[in-house]
Amino acid sequence: MEIKHIVKNVFYLGSTKFFELIIQVIRAKLNAVFIGVSGIGVYNQLNVFAAKTAQFSQLSVNEALVKQIAENKDNESTFNRIFASIKAYILIVLSITVLVLTALFIFRQQISSYVLGNEITIKFYLIAISAMPLIFINTVFFAILRGFKSVKNISRARLFASFFNLLIFVPLILGYGLNGVIISIPLMYIVISGWNFFFLKKHILKPLEVTYKKVFRAKIRKDSINEMFVFSGYGLSVGFLSIISEFVIRGLIVENLGIEKIGIYAPIISWAGIFTGVVISSFSTYLFPRLCETKNISETNDVINSSIRVSTFLLIPFILLFITFRKELILIFYTKDFLETTQYLPLHFLGVIWHVWFVVLGQTMAPKGFIKQHGIFRGISYVFDILIVYYFISFWGFGLYGWMLKFLITPFLLFIIYYFFLNIKMELRINKEN
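Residue numbering note: each chain is counted from 1, following its sequence as written. Given that this is a predicted model, residues contribute local features only at a pLDDT of at least 70 and side-chain atom pairs are listed and counted only at 80 or more, while totals for whole chains, interfaces and linings are drawn from all residues. Side-chain metrics rest on all non-hydrogen atoms present in the structure, leaving aside hydrogens and water.

## Focus: helix α13 (residues 297-324)
So, point 1. Secondary structure elements are defined from DSSP: runs of H or I of at least 4 residues count as helices, runs of E of at least 2 residues count as strands, and each element is numbered from the N terminus. Helix span, expected: 1.5 Å multiplied by one less than the number of residues in the helix. Along its 28 residues, α13 runs 40 Å from first to last C-alpha, staying within 8% of the 40 Å computed at 1.5 Å per residue.
So, point 2. Of all the bends found along α13, the most pronounced is centred on L315 and spans about 30°, while P317, a proline, follows it within four residues.
So, point 3. For this analysis, a polar contact is any N or O atom pair within 3.5 Å, provided that within protein one partner can donate a hydrogen and the other can accept it, and provided that sequence-adjacent residues contribute only side-chain to side-chain pairs. For α13, the N-terminal capping position is held by N296, with its side-chain oxygen 3.3 Å away from the main-chain nitrogen of S298. Across the chain, bend at a residue is computed as the angle between axes fitted to the seven residues ending at that point and the seven starting from it.

## Side note on empty space enclosed by the protein
So, point 1. The distinction between a cavity and a pocket rests on a 1 Å grid over the protein atoms alone: a 1.4 Å probe fits inside a cavity but cannot get out, while a pocket stays open yet meets protein on both sides within 12 Å along at least five of seven lines, and a residue with an atom within 4 Å of a point counts as lining. Grid points are joined across faces, edges and corners, and a volume is the space filled by probe spheres set on the points. All chains considered together, the criterion is met by four cavities of 30 Å³ or more.
So, point 2. When its volume is computed, the second largest cavity comes out at roughly 50 Å³.
So, point 3. Around the second largest cavity, the lining residues are F79, I82, F83, I86, I144, F148, I204, L205 and V210.
So, point 4. At the level of secondary structure, the elements contributing two or more residues to the lining of the second largest cavity comprise α4 (80-106) and α9 (178-205).

## Quick notes on the packing of aromatic side chains
So, point 1. Two rings from Phe, Tyr or Trp (for Trp, the six-membered ring) form a pair when their centres are within 6.5 Å of each other. A pair whose planes differ by under 30 degrees is stacked, one over 60 is edge-to-face, and the rest are tilted. Tallied over the entire structure, the rule returns 37 aromatic pairs.
So, point 2. Consider the rings of Y391 and F395, whose centres lie 5.4 Å apart with planes at 75°: the pair is edge-to-face. You can see Y391 and its partner F395 sitting in helix α16 (residues 371-395), four residues apart, about one turn around the helix.
So, point 3. Here's how the labels work: a residue is buried when its accessible area is under 20% of the maximum for its type, exposed when over 50%, partly exposed in between, all with a 1.4 Å probe on protein chains only. When its relative accessible area of 52% is taken as the criterion, F395 is described as exposed.
So, point 4. Ring geometry for F392 versus F398: centroids 5.2 Å apart, planes at 75°, classification edge-to-face.
So, point 5. Chaining the aromatic ring pairs together yields one cluster made of F160, F163, F164, W195, F198 and F199.
So, point 6. The rule is short: NZ of Lys or CZ of Arg within 6 Å of the ring centre and within 35 degrees of the ring normal puts a charge over the ring. Geometry around F105 places R108 over its ring, the cationic atom sitting 4.3 Å from the centre.

## A look at the pattern of salt bridges
So, point 1. Should a side-chain nitrogen of Lys or Arg be within 4 Å of a carboxyl oxygen of Asp or Glu, the pair is scored as a salt bridge. If you walk through the whole model with that rule in mind, you get three salt bridges.
So, point 2. The shortest N-O distance in the salt bridge between E246 and R250 comes to 2.6 Å. Here the residue E246 and the residue R250 both occupy positions in helix α11 (residues 222-256), the gap between them amounting to four residues, near one helical turn. For the pair E246 and R250, one class covers both residues: buried.
So, point 3. With its nearest N and O atoms 2.9 Å apart, the salt bridge here joins K261 to E340. Here K261, found in helix α12 (residues 259-293), pairs with E340, found in the loop between α14 (326-333) and α15 (345-362); they are 79 residues apart in sequence, far enough to count as distant.
So, point 4. Exposure remark for E340: the relative accessible area of 23% places this residue in the partly exposed category.

Everything listed here is a matter of geometry and, on its own, says nothing about what the molecule does.
Okay, here's the thing in C-alpha cells:
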C-alpha cells in the first residue's frame, strides 16, 4: 500500500518536472546560443551561490517546521502549536538572513572576486544576493505546504511558476544578454513564491482559518523552539561546511581550469538535476513528513524500501537514455562547444544512482532522532569532497575528472555509511525484491 502512495506523489511531481524539463531545455539552448560557455559559467556560479547561501541561512530550521506541522496537523488539541512553530521559524530565519546578507554586502568585493574571478562583475553578485530575502519568503510558504503534504498544490505552483518564468526569461536574454539572465535570478524567486502563496492561501490557510494574527499572537512553545535549535545546530555546522565546500571546490576550478570549465560541466549538473529534482524533491516533500508519522520499525522499513524500489525503477531508463545518447543530446540542447561534457557524463550518472539511494536513507535520520549523527556524516562528506577535488585537480592534474569523481565517490560512501548505521540502530533491511 505504501508504494502506491509514493508512486502517486512522485507522479504528481514528475508530471510537473516533465514540463519543467521542456522549459529547462529552452532556457539551456538560449543560454548556449546567446551567452556561451563563459556566460553559463557566470550564471551557474551566481545561481548556485544565491541558493546555497539562502539554504545556509535557514539552518535546517525549515525541516523542524515541517516536522512539527506534520505531527500536529491532524490533532485538534495540538493544532494551535502550528501557529507557534511558524512564528518561531520566521523570527529565527529572518534574523539569520539579515546577518548573512549584511556580511555578504560588507565583503562583496572579496566574495565576488573569489566566486567569479573578476571584480568588474560585482554588479552581477549584488543582483544575485538580492534574491535571498525572496528565497526566505518562499521557504515559509513551501514549508507549510510540505508539512501538510500538499503535493498536488506544490506541483501546480511549480507548473505555473515555470511557465511564467519562461515568459520573463525570453525577453530578458534576447534584449539584454548576460545582464538579463542574471536579473532573472531574483525575478524567478518572486514568481515562485507568488504561486506557492496563492495555492497555500487557497487550499490551506483559508479552509483551516490560519491568519497572520493567529500566527503572530501565538505564544512560542519551549519544546518547539528547542527542537528548532537542535535542527539549527545541525544546519549551522552542516550548512556552513556545505557552502564552504561548494565554493572552495568551485574556486579551485576557477583558479586551475577557468570559469568556462564550470560552463562546460553545466549540462551534466542540469540533466542530473532533472532526475534528482523529481525524485529527491518528491521524497523531501512527501517522504520526510511521512517518516515523521511512522510508529514502528516495520512501518519505517516499508516506507524506505518502497522509496528505494520506486527510485530504482525511475533511474534505469533515465540513466540509460542520457548515457547512450549524450553526444546527440548535447548537440540538440546545447552546441558543439559543450561536447567535452560527454567524457564525464557516464561516471557522473553512475554517482546519481548512489546519490538518490543515500538521500532516501538520509530522510530517515531527523524524523527518527538521529539528526546529530546525520550532521556528522554529512559534515565528513563535505570535507571529503574538498579533498577529492583538491588532490585530483590541483595536485594530480586530472582536470574536470577531479570534479566528476566528487559526484561518484562521496555518494557511494554515504550510502554504505547510512545503511550500516540504520541497520544497527533500526534493524533496516533492504528487501530482496529491490
